[in-house]
Amino acid sequence: MPRELLVQVSPEVAHHDEQLYPHIAKLIQVPVQDIQKIVVIKRSIDARQRTIKFNLKLHVFLTGEPLVVNKVELPNYPNVENAQEVIVVGAGPAGLFAALQLIELGLKPIVLERGKDVRGRRRDLKAINRDGIVNEDSNYCFGEGGAGTYSDGKLYTRSKKRGDVDRILQLLVAFGATPDIMVEAHPHIGTNKLPQIIQDIREKIIEHGGKVLFETRVTDILIKNNEVQGVQIQDGSTIHASKLILATGHSARDIFELLHRKEVLIEAKPFALGVRAEHPQQLIDSIQYSCDFRGAYLPPAPYSIVKQIGGRGMYSFCMCPGGVIAPCATANGEVVTNGWSPSKRDQATANSGIVVELRLEDFKPFAQFGPLAGMEFQKDIEQRAWRLAGSTQQVPAQRMVDFSQSKISSSIPKTSYVPGTQSVEFGEVFPGFLTQTMREGFVQFGKSMKGYFTNEAILHAPESRTSSPVRIPRDNYTLEHLQIKGLYPCGEGAGYAGGIISAAIDGEKCALKIKEAIG
Ligand code: FAD
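Basis of the calculations
Residues numbered from 1 in each chain as written. Predicted model: local features only at pLDDT ≥ 70, side-chain atom pairs only at ≥ 80, totals over all residues. Axes fitted to C-alpha atoms, helices over the stretch in contact; angles between N-to-C directions. Helix = DSSP H or I, 4+ residues; strand = E, 2+ residues; numbered from the N terminus. Parallel < 35°, antiparallel > 145°, perpendicular 65-115°, else oblique. Contact = placed C-beta atoms within 7 Å. Domains from an automatic or database assignment. Buried ≥ 20, exposed ≤ 12 C-beta atoms within 10 Å, placed from the backbone. Pairing = 2+ DSSP bridges. Left-handed = near helix turned anticlockwise from the far one by under 90°. Nonpolar A, V, L, I, M, F, W, Y, C, P; charged D, E, K, R; others polar.

The name an unreviewed UniProt entry gives the protein chain is Probable FAD-dependent dehydrogenase, with Flavobacterium indicum as the organism.

This part covers the packing of helix α5 (residues 162–174) against helix α12 (residues 500–518). Where α5 contacts α12, the axes come no closer than 10 Å and their chain directions differ by 100°. Between α5 and α12, the interaxial angle falls into the category roughly perpendicular. For the pair α5 and α12, the contacting residues are Asp164, Val165 and Ile168 in the first and Ile501, Ala504 and Ile505 in the second.

Partitioning the protein chain into domains gives domain 1 (3–62), domain 2 (85–267 + 470–518) and domain 3 (272–463). Each of domain 1 and domain 2 was reduced to a C-alpha centroid, and the two centroids are 40 Å apart.

Residues Thr337 and Gly339 line one face of strand β16 (residues 337–340) and the alternating positions Asn338 and Trp340 line the opposite face, and both faces are buried. In this sheet, β16 lies alongside strand β15 (residues 324–327) in antiparallel orientation, the contact comprising four bridges. The residue bridging proline 327 from the neighbouring strand is threonine 337, located in β16.

Packing of helix α3 (residues 93–104) against α12 leaves a shortest axis separation of 7 Å and a crossing angle of 40°. Taken together, α3 and α12 sit at an angle that is classed as oblique. Like other packed secondary-structure pairs, α3 and α12 cross with a definite hand, here right-handed. Each of Pro93, Ala94, Gly95, Leu96, Phe97, Ala98, Gln101 and Leu102 in α3 lies in contact with α12, whose residues at this interface are Ile500, Ala503, Ala504, Asp506, Gly507, Glu508, Cys510, Ala511 and Leu512. Here the contact of α3 with α12 is built from residues that sort into 12 nonpolar, three polar and two charged.

Next comes the structure, spelled out in structure tokens:
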């Protein structure tokens, strides 16, 4: 059995085996040559003191001890070509992990995705960045891999079930992600690495008899006597099955509208909305690490901050160290921001959503839309921002201190947001209560993180797709829709996940429940 140790070491020792081995040998009082191998199980940074340390959880194997290193392998997937078919709408993390799980359980997934495969999608991302053209089926939110494909690929989650999280991380490693994601306290994959992993997942699904159809938008769900019969796609053709996993994400407004029109029960759901703030990465490093330059062994610093402002939570969301702000609109006539990072997080700026929690009563001006009130509230802000910034994919921008003082910024420097910015006073973009909360909030943030509240920080508006504005209610046990048999609302769009890992876990859960129902 290996010895399990928790140690705190300097960044240099953490990064060099020739320093780590003697350090550990001295600690456990054995000659260094008696250590066969040290395996790092968990790694995190402790930046609370001026001298930054790495916390390491280690397994130390002495010479002669059996070396047990967990090998990560894919499950033994059967061929499901002739098995019972299950329709999976959406090839985001929820849909793809549902499909893999269905295959493992001996069922045949038919994955229908409105967007293009990861390669085809790249051209459309170029078009939105360079020319401001939004392809309403292929963009940062829609297409193979879903909203997570061109993201920072942060893999942390608030999910309490460690086993479920580890299983998804193991599958990602088996599909080519670096094994470090199993070790780091705050793992991430990066935009440059995710597409290949997603493509390999798709190829595995097809290799084992599943189907994945791109540019296939579901336009209707066929329901008879409150039971799912199948779906209709955009060319009018139909695909039949009695079980359907609906994993269309938080931006599929047409799906929410379709369900409402068909009188399938959906509910308005509170979410959060605000801006995307961009600081020089070096400034964030100096705040977080209390030093001018972070040196060779520390990664670009992340931050996480939350405050209560007038009874509402205001917090950082999807923070991307060394990242880029992306145009994430899914329709023409609107602007939306979010962020991504390459695996090395080596860009010059740090960006983060800074959002304020919304309540159902905030959607009152849109009450005539019933359960779609939150979605209309969100759409209204995105469309106003589009108009105020010149009706292109440029976004309204304001310097942080100027915003807090209600002053239009006289100049906005070039930021990482490629389509560009227009100087706009954010009081014109957001409803009064949101503007007020954010004005006060940024001042408070500056008190906790000295240097954060600065005119060097550029705010971009809006950050509006933080989670779904709608919940599609399902039975807690069977995970089936409360009214419609065979319909499994799944992932972030249905209101049961927030992020890549929790969406993937929810996809697996729905697949397991379908197997249970089929027997
Ligand atoms: P989605 O990923 O939204 O997938 C839904 C899929 O359904 C899409 O591919 C869509 O095209 C398809 N679809 C929609 N309507 C239809 C239809 N009618 N017919 C057929 N197909 C349809 N999360 C993290 O955990 N870490 C991060 O670092 C991170 N960064 C992000 C960065 C960006 C730029 C964005 C946009 C999101 C980021 N997220 C991140 C959020 C994360 O991507 C989502 O939480 C996650 O992808 C949700 O998974 P999902 O499968 O439920 O839905």
